[in-house]
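# Per-entry structural report
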Amino acid sequence: MTTSSLPRTVSGIQATSDSLHLGNFIGALQQFVAHQESHDAFYFIANMHAITVEQDPTDLRERTLRTAAQFIAAGLDPEKSTIFVQSQVPAHPQLSWVLECTTSMGEASRMTQFKDKSAKQEHVSLGLLTYPALMAADILLYNPQMVPVGEDQRQHLELTRNLAERFNYRFGETFVVPEAQILKATAKIYDLQNPGAKMSKSLPSPQGRIDLLDDAKSLTKKIKSAVTDDGKEIAYDPQAKPGVSNLLTIYSSLTSRPVDDIVADYEGKMYGHLKVDLAEIAVESLAPVRERTEELLQDRAQLQAILDAGAAKANEIAEVTLRDVYDKVGFV
Ligand code: AQP
């Protein structure tokens, strides 16, 4: 088996849309890229989580490959990171079952994501309830020290830690209890039309969401029509000025410049100036990701080969943990 002396990290993104959005990019993917240098990194496309709400099979297949292409286009290097598809590693649902049996109904139904998503569905699947046990399995199989996610996953990560500690206590030391890596500044990117809500794939209007694969024209239009706040001053104040603060956060993370420096540059200027410049920055930053994604999608066999190699490596490690767990719970 291939081993690494580096600390391990694991995280995933759901294959629920043709394009990832700027929240996924800033809150998760940029962190993934940064950590691949210092960690033994495992990043997966969560197609099993995707079906907790209804998916068209053709779309799901296509979106799985598109998400993989966006991972690589954003800077993940298959030589440094193990990139794989969740359903290609059967240990994920196998461990999930064991963890489900150690999770109480109360714990699962208290999860904010379950409450929010189930309130929006007519048909609430059992998978939506057990989602966090599968997420715990996704993580614990690899015994990572650190899991980079956005703020919305904090509660699920906390449950993962509890489940790891519970299992270790009951069956003996088995899992590393992982730390969530949630960068305060970029943990939650907000919808451009409704800065009170997180930028999300499932909000009805795409106008508030910047997709990585948006062309320059629609990117510019969305940023220019972003909702701003009362007053004229460009200041970072998420309570009083959520719209402008969100634009400043995006500006800062796309340019790697501190927010204070950006605010200083715009002293005495109008919201419009900030938006025009941010639109240019976003086009410049995202155009190469879009172009590279399209290029990668021209050679699907190559993309599939990368995913197959990733799955082989993930399976090797996941199988070892699963065997240990099965043994400890008494499966013959
Ligand atoms: N708005 C966001 N700001 C910062 N981080 C975010 N993430 C998602 N939205 C934001 C982070 O992206 C990673 C992958 O997320 P996911 O695949 O679980 O997708 P999601 O959270 O389900 O994304 P959406 O867009 O919000 O989908 P729906 O609408 O289906 O719920 C995670 O690390 C997440 O924190």
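Note that the structure is a prediction, hence the values are computed from the model and not measured.

### A closer look at the environment of alanine 287
With respect to the helices, strands and loops of the structure, alanine 287 is situated in helix H12 (residues 271-298). For alanine 287, a relative accessible area of 16% gives the class buried. For alanine 287 and leucine 126, which are 161 residues apart along the polypeptide, the C-alpha to C-alpha distance reads 39 Å.

### Some thoughts on the site of the ligand
In the region of the ligand, 23 residues are neighbours, and Asp152, Lys198, Ser200, Lys201 and Ser202 sit closest. In the model, a nitrogen atom of the ligand is placed 3.2 Å from a nitrogen or oxygen of the glycine 23 main chain. Between a nitrogen atom of the ligand and a main-chain N or O atom of methionine 199, the distance comes to 2.9 Å. Under a 2 Å grid-point criterion requiring more than half of the atoms, the pocket assigned to the ligand is the largest pocket.

### Things to note about helix H13 (residues 300-329)
Between the first and last C-alpha of H13 there are 41 Å, a value that for 30 residues agrees with the 44 Å anticipated at 1.5 Å per step. Among all positions in H13, only Leu303, Ile306, Leu307, Gly310, Ala311, Ala314, Asn315, Ile317, Ala318, Thr321, Leu322 and Val325 are buried. Just downstream of H13, glycine 330 is the residue with a positive phi angle, here 100 degrees.

### Examining the packing of helix H3 (residues 57-73) against H12
Direction vectors running N to C along H3 and H12 enclose 130 degrees, while the axes themselves pass 8 Å from each other. Here H3 is positioned oblique relative to H12, judged by the angle of their axes. In the packing of H3 onto H12, the handedness of the crossing is right-handed. Where H3 approaches H12, its residues Leu65, Arg66, Ala69, Gln70, Ile72 and Ala73 are matched on the opposing element by Val289, Arg292, Thr293, Glu294, Leu296 and Leu297. Each residue belonging to the contact of H3 with H12 can be placed in one class, and the counts come to seven nonpolar, two polar and three charged.

### Topic: the UniProt feature "binding site: L-tryptophan" (unreviewed entry) in the chain
Per the UniProt record, "binding site: L-tryptophan" (unreviewed entry) is found at Asp138. Among the structural elements, aspartate 138 can be located in helix H7 (residues 126-140). In this structure aspartate 138 comes out as buried when scored by relative accessible area, which is 1%. Other than its neighbours up to four places away in sequence, aspartate 138 contacts Val10, Phe44, His49, Gln86 and His92.

Conventions adopted
Per-chain numbering applies: the sequence of each chain, read as written, is numbered from 1 onward. Residues qualify for local features only when their pLDDT is at least 70, as the model is predicted, and side-chain atom pairs are given and counted only at 80 or more; totals for whole chains, interfaces and linings, by contrast, use all residues. Computation of side-chain values covers all heavy atoms of the structure but excludes hydrogens and water. A run of H or I in DSSP becomes a helix once it reaches four residues, and a run of E becomes a strand once it reaches two; helices and strands are each numbered from the N terminus. Exposed residues in this analysis have more than 50% of their type's maximum accessible area, buried residues have under 20%, and partly exposed residues fall in between, with area computed by a 1.4 Å probe over protein chains only. Throughout, the term near means that a residue has one or more heavy atoms lying within 4 Å of the molecule or strand in question. Polar contact is the term for a pair of N or O atoms within 3.5 Å; when the atoms are in protein, one must be able to donate a hydrogen and the other to accept it, and sequence-neighboring residues count only if both atoms are side-chain atoms. Cavity: a set of points on a 1 Å grid over the protein atoms alone where a 1.4 Å probe fits but cannot get out. Pocket: an open set with protein on both sides within 12 Å along at least five of seven lines, its lining residues, like those of a cavity, having an atom within 4 Å of a point. Pocket occupancy is defined atom-wise: a molecule lies in a cavity or pocket when more than half of its atoms are within 2 Å of its grid points. Take the number of residues in a helix, subtract one, and multiply by 1.5 Å to get its expected span. For helices, the fitted axis covers only the stretch in contact; all axes are lines through C-alpha atoms, and the angles between them, taken along N-to-C directions, range from 0 to 180 degrees. Orientation labels follow simple angle bins: below 35 degrees gives roughly parallel, above 145 gives roughly antiparallel, 65 to 115 gives roughly perpendicular, and whatever is left gives oblique. By the definition used in this description, the sense in which the near helix is turned from the far one sets the handedness, with an anticlockwise turn below a right angle giving left-handed and a clockwise turn giving right-handed. We call two residues contacting when some pair of their heavy atoms lies within 4.5 Å. Gly falls in the polar group here, along with every residue not listed as nonpolar (Ala, Val, Leu, Ile, Met, Phe, Trp, Tyr, Cys, Pro) or charged (Asp, Glu, Lys, Arg). UniProt positions are given in the numbering used here, feature names are shortened, and annotations may be inferred rather than shown by experiment.

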